[in-house]
Amino acid sequence: MGNKTMIVSALLPLLFSMVAMLARAEDPYLFFTWNVTYGTVSPLGVPQQVILINGQFPGPNLNTTTNNNIVLNVFNNLDEPLLFSWSGIQQRKNSWQDGTPGTMCPILPGTNFTYRFQVKDQIGSFYYYPTLGFQKAAGGFGGLRINSRLLIPVPFADPEDDYTVLIGDWYSRGHVELRKQLDSGKSLGKPNGVLMNGKRGIVGEEKEEPLFVMKPGKTYRYRICNVGMRNSLNFRIQGHNMKLVEIEGSHTQQALYDSLDIHLGQCYSVLVTADQEPKDYYMVASTRFTKYHLKATGRIRYANGNGIASPVLPESPVSWAWSLNQFRTFRWNLTASAARPNPQGSFHYGKINITRTIKLANTVATVDGKLRYAINGASHVDSATPLKLAEYYGIADKVFKYDTIADQPPADIDANHKVTISPVVLNTTFRNFVEVIFENHEKGVQSWHVDGYSFFPVAIEVGTWTPARRANYNLLDTVSRYTIQVYPKSWAAILLTFDNCGMWNIRSESLERSYLGQQLYASVLSPERSLRDEYNMPDYALKCGIVKDMPHPPPYSS
């Protein structure tokens, strides 16, 4: 008996250790509380109302690690409904948390809602922003980073520090006034300026505080996102090269650049070494492809430096051909691990057969005297009942029709300006490998985003796409990402597998264009209605529209 007692006593610590290990096996939880309010700031020198998160403009950085579970309680103290979306976060099996009006009911004024999602199998640089009522024009956006887990090797040494740079064009009028102008059918026109982390910057102002400080000889990571509304921007740092290491969640082949074109909605990650004379230097973000020139500056200071920054700023490149050529230099790092131990290049996207080709052409038109933007002749409007809820409750036919646009634009799309206004939903087949062509018939640069996925942008070329153009595709090492630009009179081709069930927004990253209809949703359903493929609608999910008082449908099977 004594021996048995000794054995049990000896085993107890081991058992407790195993239990503790099992408890720790679940991915960590991070808890956040956001108090969303209005405030008054003067980013362009004129006082205006902005949206603050915990008193901050821009909002706080969300600093996470691969597979963290995010629990974020949002208190809406605005006077209008609110939702946040997480640009580039794939929300695997969980479009219930995507924060678009097609997937969620809004957080009403004076109420709160808790987002619960996992940054599953992702690393990299992202951002969040409000999706309703043109509120992004008032702020409410911020950086979101996903660090690699310690056991996953990163293809560069740990930087001394990690900085977020949010750049974007800006209007000095409030979002309500801007929204009224769009609702009246008029374009917003030229922005009033460009901001960098909420400030315009003043060249030559010696008392201006630096945005960042660098120690001589040390290397820093800068995550640069274009959170603007209208313009592509060029970013550069006075006197310093930037080593590109990551684009939108993918490690890149490392190369040096003296400037980068960053289009609407895009995020780039670079390493910068403090290897110059110890003094101040300017970061510059300026508009591209426009007749007007707007810029923002932000100061970098060397620790213990004693020199002022030169007022002579580095010049921006001039043509979109330069930008296209730069895009073609970006390559996926095939040997680096991303969120998982296996190398990025172990996924051979170029060897998968294409099962469907969808060509989307952007157009602009006037409907009943008012400006609208469209895709393949259809201009999207949000419904009172989110599309995903209508589909989940089995009443989609009462809210929208599938496939209101064809897989090809009308042959006379440039001559025929007829536009249909309704919710636009593409019906897709689960796990199909699809080719999407974004065709730009207009004179300005477009930028497109796909929620719920990363895709492979295999080509951008001038002219009109035909199947023969597939011969020019990069089927080996194009960078997997979530946004892509399309140059004037050009097209871009992307490849992706529709393997993430949900209702996913595909939109123009131009805020004016998406607000006035240049967006759609892709419905991805599993025929098995299985929890293996998609989570059930959460019990705590907000309900609105015609499903508000309906009982929950039967849950998916396990």
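Residues numbered from 1 in each chain as written. Predicted model: local features only at pLDDT ≥ 70, side-chain atom pairs only at ≥ 80, totals over all residues. Heavy atoms only, no water.

### With respect to the sheet that holds strand β28 (residues 483–486)
1) Next: Here we have five strands laid out as an open sheet, ordered β24-β31-β30-β26-β28, and mixed in their pairing. The open sheet terminates on both sides in strands that have one partner only, identified here as β24 (425–429) and β28. Across the sheet, the axes of successive neighbouring strands diverge by a mean angle of 20°, strand direction being ignored.
2) Next: Bridging between β24 and strand β31 (residues 519–525) involves five bridges; their strand directions are parallel. Directly across from Thr428, in β31, lies its bridge partner Val524. (Pairing = 2+ DSSP bridges. Helix = DSSP H or I, 4+ residues; strand = E, 2+ residues; numbered from the N terminus. Axes fitted to C-alpha atoms, helices over the stretch in contact; angles between N-to-C directions.)

### Looking at the nonpolar core
1) Next: Formed by 75 residues in total, the largest nonpolar core has its most connected members in Tyr222 and Phe235.
2) Next: Excluding residues within four positions of it along the chain, Tyr222 makes contact with Tyr163, Val165, Phe212, Met214, Tyr268, Ser269, Val270, Val272, Met283 and Ile300.
3) Next: Counting 51 residues, the second largest nonpolar core, distinct from the first, contains Ile70, Leu82, Met104 and Ala138. (Core = buried A, V, L, I, M, F, W, Y, C linked by side-chain atoms within 4.5 Å. Buried < 20%, exposed > 50% of the residue type's maximum accessible area, 1.4 Å probe, protein only. Contact = heavy atoms within 4.5 Å.)

### A short note on the pairing of strand β25 (residues 433–440)
1) Next: With eight of its eight residues buried, β25 lies for the most part within the structure.
2) Next: Across the two faces of β25 the burial is the same, with Phe433, Glu435, Ile437 and Glu439 and Val434, Val436, Phe438 and Asn440 all buried.
3) Next: Looking at chain direction, strand β20 (residues 356–367) and β25 are connected through seven bridges and run parallel. Considered in β25, the bridge of Thr357 is made with Glu435.

### As for the side chain of His449
1) Next: As for its position among the elements, His449 is in strand β26 (residues 446–450).
2) Next: On the basis of relative accessible area, His449 is assigned to the buried category, the value being 0%.
3) Next: Of note is the side chain of His449, whose polar atom sits 3.4 Å from the backbone oxygen of Tyr482.
4) Next: Separated by 3.4 Å, the side chains of His449 and Glu509 make a polar contact.
5) Next: Not counting chain neighbours up to four residues away, the residues in contact with His449 comprise Ser87, Gly88, Tyr482, Thr483, Asn505, Ile506, Arg507 and Glu509. (Polar contact = N/O pair within 3.5 Å; in protein donor to acceptor, adjacent residues only side chain to side chain.)

### Concerning the packing of aromatic side chains
1) Next: In the structure shown here, the tally under the stated rule is 36 aromatic pairs.
2) Next: Look at Trp332 and Tyr349: their rings are 6.5 Å apart centre to centre, the planes differ by 65°, and that puts the pair in the edge-to-face class. Separated by 17 residues along the polypeptide, Trp332 in the loop between α3 (320–327) and β20 and Tyr349 in the loop between α3 and β20 bring together distant segments of the chain.
3) Next: Through pairs of rings, three or more aromatic residues link up here, namely Trp34, Phe84, Trp86, Phe113, Tyr115, Phe117, Tyr128 and Tyr540.
4) Next: Geometry around Tyr540 places Arg116 over its ring, the cationic atom sitting 4.3 Å from the centre. (Phe/Tyr/Trp six-rings, centres within 6.5 Å; stacked < 30°, edge-to-face > 60°. Lys NZ or Arg CZ within 6 Å of the ring centre and 35° of its normal.)

### Section: the confidence of the model for the protein
1) Next: Mean pLDDT over the protein works out to 94, with 96% of the residues at or above the 70 mark.
2) Next: In this model, residues 1–24 is a region of pLDDT below 50 whose contacts with residues beyond four sequence positions or in other chains number zero contacts. (pLDDT = per-residue confidence, 0-100.)

### As for the side chain of Asn68
1) Next: Its location among the elements puts Asn68 in the loop between β3 (62–65) and β4 (69–76).
2) Next: A distance of 2.9 Å separates a polar side-chain atom of Asn68 from the backbone nitrogen of Thr65.
3) Next: Among residues more than four places away in sequence, those in contact with Asn68 are Pro28, Leu30, Phe117, Gln118 and Val119.

### Regarding the sheet that holds strand β1 (residues 29–41)
1) Next: Ordered in space as β2-β1-β4-β6, the four strands form an open sheet in which the pairing is mixed. Strands with a single pairing partner mark the edges of an open sheet, and in this sheet they are β2 (48–53) and β6 (112–118). Strand-to-strand twist of the sheet, defined as the mean angle between neighbouring strand axes without regard to direction, takes the value 20°.
2) Next: Bridge count for β4 against β6 is seven bridges, and the pairing is antiparallel. Paired with Val74 across the bridge in β6 is Phe113.

### Quick word on the pattern of salt bridges
1) Next: By the definition in use, this model includes 26 salt bridges.
2) Next: Close ionic contact of Glu512 with Arg230 constitutes a salt bridge, the shortest N to O distance being 3.1 Å. Note that Glu512 is positioned in helix α5 (residues 511–515) and Arg230 in the loop between β12 (219–226) and β13 (233–237), a separation of 282 residues in sequence.
3) Next: Under the relative-accessibility criterion, Glu512 is labelled buried at 4%.
4) Next: What emerges from the salt-bridge pattern is a single network uniting Glu208, Asp280, Arg299 and Arg301. (Salt bridge = Lys/Arg side-chain N within 4 Å of Asp/Glu carboxyl O.)

### Topic: α3
1) Next: Every buried residue of α3 is listed here: Ser323, Leu324, Gln326 and Phe327. Down the axis, α3 shows its buried residues gathered within 160° of arc, on one side only.
2) Next: On the buried face of α3, the contacting elements are β15 (250–257), β16 (260–262), β27 (456–462) and β28. (Arc of directions from axis to C-beta.)

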